[in-house]
Structures are given as C-alpha cells and as structure tokens.
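Tertiary structure, described
The residues making up each chain are set out below.
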Amino acid sequence: MSQNRAVSGTVKDSGGEGIPGASVLIKGTTTGTTTDSNGKFTLSAPDNAVLVVAFVGYEKVEVPVNNQSEINVTLQSSTTELAQVVVVGYGTQRKVDVTGATASVKGEELAKQPVLTATQAIQGKAAGVQIISSGQPGSSPVIRVRGTGTALAGTAALFVVDGVLTDDISNINTADIVSMDVLKDASATAIYGSRGANGVVIITTKKGSAGGIKVNYTTNIGMRSATNLVQMANAQEYANYVSAASGTSVTPGSVSTDWYDQILRNGWYQNHNLSLSGGSDKSTYFLSMGYFTDEGIVIDNKYKRFNIRSNTDFTLSDKVKVGVVSSYTNANTRDVNLGSAYNNAYRAAPTIAAMENGKYGNTSVYQNVGNPILDIKNNNQRDIDNRLQGSAYLEFKPVRSLTFRSSIGGDLLSKNERVYNYQFNNDTSTFINPGGNQRNPNSNLNIISTRSFRWVWDNTLTFSQSFDKHNLTVLVGTTAEQYTMDWLSAFRKDVPADPSLWYINTGNANTSTNDGGGDKWARNSYLGRVNYNYNDRYLLTATVRADGSSRFPSSNRWALFPSVGAGWVISGENFMQTQQIFETLKLRASWGRVGNDRIPSDAFTVTVTPNLAYPYGGGIATPGSAITQIKDPNLKWEVTEEFDLGLDFALLKGRLTGEIGYYNKKSKDLLINVKVPSVTGDADGVVLTNAASIQNVGLEVALNWRGNITEEITYRVGGNLTLNNNKVIGLNGGQPILDGGIGGNQIYTTRTDNDQPVGSFYLLNVVGVFQNQGEIDNYKNSKGTIIQSSASPGDFKYQDTNDDGKIDDNDRVFAGSYQPKAYFGINGSLSYKGFDLSADIYGNVGNKVYNGKKAFRLGVFDNVEADMAYSRWTPANGSQTEPAANGGNLPASTYFLESGSFIRLNNVTLGYNLPATLTQKVKVASVRVFITAQNLYTYKKFSGFTPELPGDPTKAGIELNAYPTTRTIAGGLSVNF
C-alpha cells in the first residue's frame, strides 16, 4: 500500500513569478490545496499519486509524485480557460465539467480597486451580473443576477463566505479573497434551493501553506471627490426666475451661495492590510488584519472599519482533517442626514448666506426649506457594528473515494445606533437673520440596539470515483439554519449637549418612550447531487434539494427544488480532431427550479392589535383589541423556474475564449397585494398573497482575447454583454403596485402591472408647452371640450390619453423603467517587463431614471437649476421642452423622466514590480507600487448627479436624495517578505 508523504513546492509562470491561488489537487479526488501569495504549496499525498495543477489562463499540468517531497511546476499560458477549477455549491469542478452558468473573478482583480466591498469590484466583469453602486461610505451595492425576479420579496443574491451564508459582505476585506464565483442559472443554484432564486455568490478566502512565515503588506491611500455635480442658479439667476414666477420683484442681495459647495468636500480614503501565512505538513495558517477609512464627500461623514481574519487547517491523520475560519469586524459610521440635507441643498435660495460669524443663514424664511449645513450639524448619528463570523469543519475520509464533511458556521452581529439632535431656536444666537420656522426647541436622543445571530450546520457525504472512461461524483447531505434578531429602542428629550452625557438616563424622564421587536426563522434542508462525466465528453449534473422554512404555514412549509444539466464537449469527438479552429467547444443546457422565502416571518400569522379605543355607553372610549390586518393563512413559496442554453469555446490556439448563453427565467407565485372589501376590517384594504408572475429572458455574451505583441509585451482584452427583457406576465387577480411617491402631489410615479417591467414609470405624457392662449383654446378632445382650460401660456401641454376632456391620473402612460435593456463591461490589461496597466469600463443602456429632486420642487421660492433659469419659456423666447417660471409642485410627468444610459471608465491601474535583483538585496520577496483611479469619467445623458439609483424593485431609479458619484485617485504599495 502506498504511504502518504508531505509534498511541497512552488507553482510559477513562464517568467519565473510565483502564481498565487493556483489549485493543486490529487487526481481522482477532491483533496487538494491552493498556492499562497508567492505560489508555494504543501499537501499530504500518496507516493503513487498524481498532482493536478491548474490556474485560470494557464494549461493544466499533471505531475506524478513518485516518492518526491518537493515538486516545482511551471505553468504555460493556457489555450483555454475551461481548464480552470471553479467553486460550485459544496465543492469544486473543472469549468469544462460545469453544466450550469457560472462566472468567476480572481481575488487579485478585486484587490486592485479602492472600494469597500468586493461586490462593487466585480462591476462589469461578469455577464448577467448587474451591480448598482453608491458612493456613500459604508454602503453596499445592489446586485441583480439575470434581472429582477420579484416585486415585494427580497431581491438580494445569497453570499456564501467559506461556507457561511450571509446577505452582507461589507465585513470582508477584498485583500483576503482568493476568488468570487457567481452561480447564475437554476441548475447551478439549485443546490441552495430556497436561497437560490436571486443568484449565489461564493467567496473563498485565502489559506496558508507549509513553509516559513510569509508576510504581505498592502496599502493604498487616496482622495475622493464628487463628480457630475448639478449646477444650480446663482443669486441673480434665481432672483430673475422667482420674479417671473411670482410677479413680484426680487432683489438678489449681496451673496450668492452654492449650497452643494457648502456641504461637499474632498475626502481622504485609506486602506491598509497585513497578512501572515505559513505552516507545516500537519497544519497551516493564514492571519490578516485590515484597516479601512473613508471620509466621504459630505462634511462630517466618515466610515471606519477594522477587521481581523484567521484561517487555519490541521491534518490530524491521513483520514482526518479539521479547520477553522473566523473573522471579527468593527465598523464605525458617522452618518449624515442626507434625506433633508440634499433635498434642501437643491431647494435653498442662493440669496441666503450659508454661515457668518458662526451663525447660520435662515433659509426657512422661504417655505420651510432648512439650512443644509444645519441639517447635518444638528444631527449627530453614529452606528457601531461589531460582527463575528466564522465556521469550523471536520473532514473524514474512511476510504480514498469517500469523504464525510461536517461544518458549522455562525454570524453574530451587534449593532448600536445613536442619534442626537441638538437644541436650537430661531433667534440671534443661532441665525444671522432670525425668522422662519427652522428650530428644535428640545434636544433629544434616540438609541437603538440590535442583536442578530445566524447559524448554519452542513453535513455532506461525497463519493468520487473514476473507472475506465467514467467519472462519477455523488454528493448527499443535510443542512439546518436558524436566524434570530431582536432590537430595543429608547428615546428622551432634553439630553445635555456634552457627548459624554449622551445616555438615556440624563434626559427628561417624562418624555421617555421605548419600543422593541425582533424576528426568528429557521430552515431545514436535504440535498443531493450527481455529477457524471464520460470520457471528458458527455456531462450530466442532477440536483435535488428539499427545503422547509418556518416562514410558511405548515401546509406549505416544504418545497422540492430539482435541476438537471447536460453538457457535450464537442471538441473531444473524433470528427473534431482534424479541424484547426476550435481547441475547445462545449454545448450545455440546463433546467431547474429554485425558491425565495424572503418574506416577513409573520406574513401568514394573524395578530391582534391591542389598546384600541372603542366608544361604549354614552360615547366613553373603552380599551379593546381587534384584528386590523387580514393575512393569507396559505402563503407559499415564490418559485423561479429557469431554462438555460450555453456554448463555451476556445479558438485561435486559445487566444480567443468566450461563452454565449440564453436564459428564460420565470418566477411565479410572487407576493402581491390584493384588495379586499372594507367590511372585512382590514386597515389598508389589501392582503398579501401569491398572485403574480415575472419573466426575465436574456442573452449573455462574454469574449476574452489574450496575446503577445513581443516576448516581453503581453496583453488581454475582454468584454461582456447582457441583454435582458423583464416583464410582469400575470397578476392573477392581484392589484397593480403603485409606488415611487416623492412628496407633494406626486403620490406615485411607478406602476407594476401586466406586460410591463417591474417598477415601470407611469406618468402624464408631456406633449409640449402652450405658446399662447390660442393654443390652449384649440386643445380639445374629440367631443370639442377644451382639455386644459385653466392653463396659461408657458404651461405644459399634457396628453389626454382617454379623450375625456380633462387631465387626471387616468391619462397616465407607461414610459419605461429603471431596468436596463442591456448592460456591459469592457476590460483590458497590458504588461511589459515589470510594468502592468489595466482598465475597466462599465455601462448600461435602455433604461429610464426619474429626476425626483427636480420634481419635488414645492414652491415659488425654491431654487432651480441654472439651465432651467435660462432655457425656460418666455413670451419672447418660446420653448417646447421647458415651462415658464412657476411655483413647482407639478404633477408626475415625462418631463422629469430622463435616460438612464451611461458608460463609465470604471477603473484604471498602473503598477510596477521592482526587479527581483533589487528586492533580494534587502531580503524582500517582491515589491509592487501602483496608482489607481476609480470612476475616472462617466458619460451620461441624465442631468442629475448619477444614473445609478439602487432601490426596491417597485421604486428603483428615482433620484431624490442620491449620493453623488465619487471619483477616487489613489496610490499604493504591496510588499511580500
């Protein structure tokens, strides 16, 4: 019988540089490891084993152990990317063996970008994956995988970090990531059953390897600044506009305040990461620490994060292996009151001074518009998050072909939010010119404490065996999960202004209020998967998962989620051996069903509302209780069924690789509100039930080209394009969802209805501007009724859609949605000796955004954009697109709807690796210096701050309080010891 021995070595490229993250597996098994940051590895293997070494972009190599203790491998540039190993649910596979739709991004690509989360760093790098980001410090981007598949339930993708399930990865340091693998279709995600409907993102963090201690330090420091700012009218332009709108002469005064200039700034950003790794043939370790700060571009805004990670593995024997992955994160946010500050900065009169001698300009003399600076300074909001996340596993191999793995993971979050509002009165101590009504007569303090804990316990048994031309892997297992959360809040007035006294007990006890709540749910699942490969040509994957969720009534608690995928490696056939075009050509098809249970835990539970007052006996109010919300006791799973067809290829000696995919994804039994008669006593007159369907049909194309200009100059160019058509295909008795209200008389701007995309804008259609009274008198319906008899020259002319002679909500039309018809990414890199240059471009086309801040203009004294001040309709200068000066509060219309298409130079990075002859003199393995720019330039048609406007599906794409896009210029250093 063959004995196991410790085998170590280094995996290098053709230039002699170590390759980090390369996979080293024992052939015929799932046992293996990955190389560290220097390309080194260590594992235990039988003397007669064969090691399979692979890395994306390189040819796979098989090396016999042959009683060797040290094996060094040089990988050559790959003729195909299909040889790489990708992470799938509960395991790994060669990409060529995968029958589902997946995308993989290397950790080194993520670490280049100066962003908080890895989610933002994959923007534009994966077909079928849309990332909608915000520049606000501490915020997490929204991720959409193959369109929006729900209206009211959760839309977030599932993240799996080293086996721990989570919805938020803001605690993960991008420098610690080896790879991000996105599972896109139902066949790939079905192994996650109830969580797979919105896609799955698997994150693998770094591990150690045997050998001496290896130290890496990486830092980048830079400056963030606002881009694409909106130019508002100055004092003179404002005075002219208001005079025309009100008919009263307005004097501009001696000041002209740019309110955005007052509340925005250039903010410093810095990121530091230190890691240590090493080990022996019996144990390996990886330790890292990270410190991240981001001042943001709004005054007083700041985010800080400290995190520490420990990944350890222990080989107890040739049959038993254990490991622990753990991380702790502390995040501290000084938030700002964007809701009022941004809105007021847009509306505030420029004729009012911002500040003078420590006093605020009183903008509230004009229609209750607060001073934006005071909006921020008066509100001190701090969030402190402490998060502990980790997992432990035991792996037992009783025989070579059988592996039992048990892992338990946990995610503990403690969140404390403290909001203090200072006392201030409308007097000479606070304001330059007292008056108006911006005041806070009593200070107040609100404290909210939240605790949550999620645990997941997985047990899997994997059988893997190769015999003759047959390769079979069978996985069976169970998984259990539970989540608990509770929160408490306390509020008091008259708390002293000294921050050391910001505690509830220092306030006025007579003003004390408190509240609290929580949530609890659980899941239990049984899963199985079969992977079969015949002669590396014919592939079959079959998966089934049974999920039970406490979020549904007992009668509908369990659901079955099956999938099947097949692949044909056409290039492996005998008739393809004489052709000279394709190195690899694979056809794949799959079908599957996945679920979505992200609904309120009490959505089907009828509760009683206590302490209601009922008149009884002579009109005397008597306390009582009643059911005020009717609930459907038969709620069931939202289910997504998807068909996928794809073609993967490599040609021209592997220089061109790519994939083309088609998908048809139908989500049914979606939650939607249905109206019920008022006599039922339901408070809002609607009941949440399963009564809608949504379909996403799309095409994905990804191409990558790599080549050499000379032996020393190499380059790579890649691109991806996703076309997606989203629409509601059946409300089944449900009521259209009206949403997107922004205030004033614009109660709603979107409507989710049949045969339209989710969250479609539903607006009055502006067909022009009345130039004179004659046009008003001649604008009649088919019956001769004047449609807008009360209009004046310079007012908008609205379409009388239903020809009833009046303009009201019945005349609204569908005018597009925030969901793009296409989104794309272009990326490339160039290397010359020690230099490397990379660039990424991202964009989308075919969607609409709503200028909510412009639509929210409520009064004649609100400011206007500079362009409007000049291009407005006047008797002497007629316009068919801009109205006359007016008092605002206009109805929701297509006037405020603009193109959401944009293209952005997302990232440019230039780096240089110091020569080894230089670094070795100071006993340093490698040194890289680089400069990077994020969001360097954006071309857009939208006149607002940013067309990237994340939000719930039924109201996304509305710019009201959006954080401006930020540009980052940074420099960095990476040192390996």
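As annotated in an unreviewed UniProt entry, the chain carries the name TonB-dependent receptor and comes from Xanthocytophaga flava. What the UniProt record of the chain gives under Subcellular location (unreviewed entry) is the line "Cell outer membrane". Looking at the chain in UniProt, the text filed under Sequence similarities (unreviewed entry) is "Belongs to the TonB-dependent receptor family."

1. Observations concerning the overall build of the chain
Looking only at helices and strands, the chain has 11 helices and 50 strands in total. A globule of 977 residues ought to have a C-alpha radius of gyration of about 30 Å, and the chain, at 31 Å, matches this closely. Its C-alpha atoms give the chain principal-axis dimensions of roughly 95 × 65 × 65 Å. For the chain, the residues scored as buried account for 53% of the 977 residues in total. Contacts in the chain between residues at least 24 apart in sequence constitute 70% of all its contacts with a sequence separation of at least 6. Within the structure as shown, the chain displays about 39800 Å² of accessible surface, and the carbon and sulfur contribution to it stands at 55%. Side-chain charges in the chain split into 86 positive and 84 negative, and the spacing between the mean points of these groups amounts to 4 Å.

2. Things to note about the environment of Arg598
Relative to the helices and strands, Arg598 is located in the loop between β31 (582-596) and β32 (609-616). For Arg598, a relative accessible area of 13% gives the class buried. Beyond its immediate sequence surroundings of up to four residues, Arg598 is in contact with Ala153, Gly154, Ala156, Ala157, Leu158, Asp167, Arg195, Asn198 and Arg551. Only 2.5 Å separates the side chain of Arg598 from the backbone oxygen of Ala156, close enough to count as a polar contact.

3. What to know about the pairing of strand β24 (residues 379-399)
Relative to β24, strand β21 (residues 320-335) runs antiparallel, the two sharing 16 bridges. Bridge pairing links Ala331 to Asp385 in β24. Looking at chain direction, β24 and strand β25 (residues 402-421) are connected through 19 bridges and run antiparallel. Residue Val399 lies in a different strand from β25, and its bridge partner there is Leu402.

4. Structural notes on the environment of Glu700
Here Glu700 is to be found in strand β36 (residues 686-708). According to the relative accessible area criterion, Glu700 is buried, its value standing at 4%. Between the C-alpha atoms of Glu700 and Leu723, which are 23 residues apart in sequence, the distance is 6.5 Å. The contact partners of Glu700, leaving out residues within four places of it in the chain, are Ala127, Gly128, Arg146, Lys184, Glu659, Ile660, Gly661, Tyr663, Leu721 and Thr722. Among the polar contacts made by the side chain of Glu700, one reaches the side chain of Arg146 at a distance of 2.8 Å.

5. Structural notes on the packing of aromatic side chains
Per the counting criterion, the structure on display carries 23 aromatic pairs. Taken together, a centroid distance of 4.8 Å and an interplanar angle of 45° make the contact between Tyr762 and Phe814 tilted. Of the two residues, Tyr762 sits in strand β40 (residues 760-763) while Phe814 sits in strand β43 (residues 813-814), which places them 52 residues apart along the sequence. By relative accessible area, which is 12% here, Tyr762 ends up buried. Joined through ring pairs, the aromatic side chains of Phe761, Phe796, Tyr798, Tyr850, Tyr895 and Phe896 make up one cluster. Looking at Arg812, its charged tip hangs above the ring of Tyr748, at a distance of 3.8 Å from the centre.

6. Regarding the sheet that holds strand β39 (residues 750-752)
Taken in spatial order, the four strands make up an open sheet running β38-β39-β40-β43, and their pairing is antiparallel. Every interior strand has two partners, whereas the edge strands, β38 (737-739) and β43, have only one. Across two bridges, the pairing between β39 and β40 is antiparallel. Residue Thr750 lies in a different strand from β40, and its bridge partner there is Phe761.

7. A look at unusual backbone geometry
With phi around 55°, Asp468 is a residue other than glycine that occupies positive phi space. Structurally, Asp468 is set in the loop between β26 (444-467) and β27 (470-493). Of note, the phi angle at Asp669 is positive, near 55°, even though the residue is not glycine. As for its position among the elements, Asp669 is in strand β35 (residues 656-675). For Asp669, a relative accessible area of 24% corresponds to the partly exposed category.

8. Here we look at the sheet that holds strand β1 (residues 4-12)
The strands making up a sheet are joined through hydrogen bonds of the backbone, oriented either antiparallel or parallel. The sheet built from three strands is open, its strands ordered β4-β1-β7 with mixed pairing. With partners counted over all chains shown, the strands left at the sheet margins are β4 (40-46) and β7 (73-74), one partner each. In the sheet, β1 pairs with β4 via seven bridges, with the strands oriented antiparallel. Within the sheet, the bridge partner assigned to Thr10 lies in β4 and is Lys40.

9. Comments concerning helix α4 (residues 235-246)
Compared with the 16 Å implied by 1.5 Å per residue over 12 residues, the 16 Å span of α4 between its first and last C-alpha is a close match. Listed as buried for α4 are Ala235, Glu237, Tyr238, Ala239, Tyr241, Val242 and Ser243. Those residues of α4 that are buried lie in contact with α10 (866-871). For α4, the side-chain oxygen to backbone nitrogen distance between the N-cap and Gln236 is 3.2 Å, and the N-cap itself is Asn234. Among the residues trailing α4, Gly247 stands out with phi positive, at a value near 80°.

10. Re the pairing of strand β8 (residues 85-88)
With four bridges joining them, β8 and strand β9 (residues 91-94) adopt antiparallel strand pairing. The residue of β9 that forms the bridge with Val87 is Thr92. Here β8 folds back onto β9 in antiparallel fashion, the turn holding two residues, of which Tyr90 has a positive phi close to 60°.

11. Some thoughts on the UniProt feature "domain: TonB-dependent receptor plug" (unreviewed entry) in the chain
With numbering matched to this structure, UniProt assigns "domain: TonB-dependent receptor plug" (unreviewed entry) to residues 95-200. Here residues 95-200 is 12% helix and 26% strand, with 17 Å between the C-alpha atoms at its ends.

12. Considering empty space enclosed by the protein
For the structure on display, the rule yields 14 cavities of 30 Å³ or more. Of the voids in this model, the largest cavity is the one considered here, and its volume is about 240 Å³. Along the walls of the largest cavity sit 23 residues, with Gln120, Ser134, Gly135, Gln136 and Thr966 positioned nearest its centre. Elements represented by at least two residues in the lining of the largest cavity include exactly β19 (283-294), β49 (926-940) and β50 (966-976). By residue class, the composition of the lining of the largest cavity is seven nonpolar, 13 polar and three charged. Empty space within the second largest cavity amounts to approximately 190 Å³. Along the wall of the second largest cavity there are 18 residues; nearest its centre are Gln130, Arg144, Thr148, Tyr818 and Gln819.

13. Side note on the nonpolar core
In terms of nonpolar packing, the biggest core is built from 55 residues, with Tyr260, Ile263, Val298 and Tyr850 touching the most fellow members. Contributing elements (two or more residues each) for this core: α4, α5 (259-263), α6 (338-347), α7 (372-377), β40, β41 (766-769), β42 (796-798) and α10. It is α6 that contributes the most residues to this core, five residues altogether. Residues within four places of Ile263 in sequence aside, it is in contact with Ile297, Val298, Ile299, Ala341, Tyr342, Ala345, Pro372, Ile373 and Ile376.

14. Quick look at the side chain of Asn307
With respect to the helices and strands, the residue Asn307 is situated in strand β20 (residues 302-315). If sequence neighbours within four positions are ignored, Asn307 has contacts with Asn171, Asn173, Asp176, Ser288, Met289, Gly290, Tyr328 and Thr329.

15. Structural notes on α6
Within α6, eight of the 10 residues are buried, which leaves the element mostly enclosed by the surrounding structure. Considered for burial, the residues of α6 that qualify are Leu338, Ala341, Tyr342, Asn343, Asn344, Ala345, Tyr346 and Arg347.

16. Concerning the pattern of salt bridges
When the charged atoms of two side chains lie near each other, side chains of opposite charge can form a pair. Counted according to the given criterion, the structure contains 41 salt bridges. Salt-bridge contacts for Asp300 lead to Arg334; the nearest nitrogen and oxygen are separated by 3.6 Å. Linking Asp300 in the loop between β19 and β20 with Arg334 in strand β21, this pair joins segments that are 34 residues apart in sequence. With its nearest N and O atoms 2.7 Å apart, the salt bridge here joins Arg387 to Asp411. Of this pair, Arg387 sits in strand β24 while Asp411 is found in strand β25, placing the two residues 24 residues apart along the sequence. Given the relative accessible area of 7%, Asp411 is considered buried.

The rules behind these values
- Residues numbered from 1 in each chain as written.
- Predicted model: local features only at pLDDT ≥ 70, side-chain atom pairs only at ≥ 80, totals over all residues.
- Heavy atoms only, no water.
- UniProt positions renumbered as here; feature names shortened; annotations may be inferred.
- Helix = DSSP H or I, 4+ residues; strand = E, 2+ residues; numbered from the N terminus.
- Rg over C-alpha atoms; globule rule 2.2 N^0.38 Å.
- Buried < 20%, exposed > 50% of the residue type's maximum accessible area, 1.4 Å probe, protein only.
- Contact = heavy atoms within 4.5 Å.
- Areas by Shrake-Rupley, 256 points an atom, 1.4 Å probe, with all protein chains shown as cover.
- Lys, Arg positive; Asp, Glu negative; His and termini not counted.
- Charge placed at Lys NZ, Arg CZ, Asp CG, Glu CD.
- Polar contact = N/O pair within 3.5 Å; in protein donor to acceptor, adjacent residues only side chain to side chain.
- Pairing = 2+ DSSP bridges.
- Phe/Tyr/Trp six-rings, centres within 6.5 Å; stacked < 30°, edge-to-face > 60°.
- Lys NZ or Arg CZ within 6 Å of the ring centre and 35° of its normal.
- Expected span 1.5 Å × (residues − 1).
- 1 Å grid on protein atoms, 1.4 Å probe; cavity = no way out; pocket = protein on both sides within 12 Å on 5 of 7 lines; lining within 4 Å.
- Points joined across faces, edges and corners; volume = space filled by probe spheres on them.
- Nonpolar A, V, L, I, M, F, W, Y, C, P; charged D, E, K, R; others polar.
- Core = buried A, V, L, I, M, F, W, Y, C linked by side-chain atoms within 4.5 Å.
- Salt bridge = Lys/Arg side-chain N within 4 Å of Asp/Glu carboxyl O.

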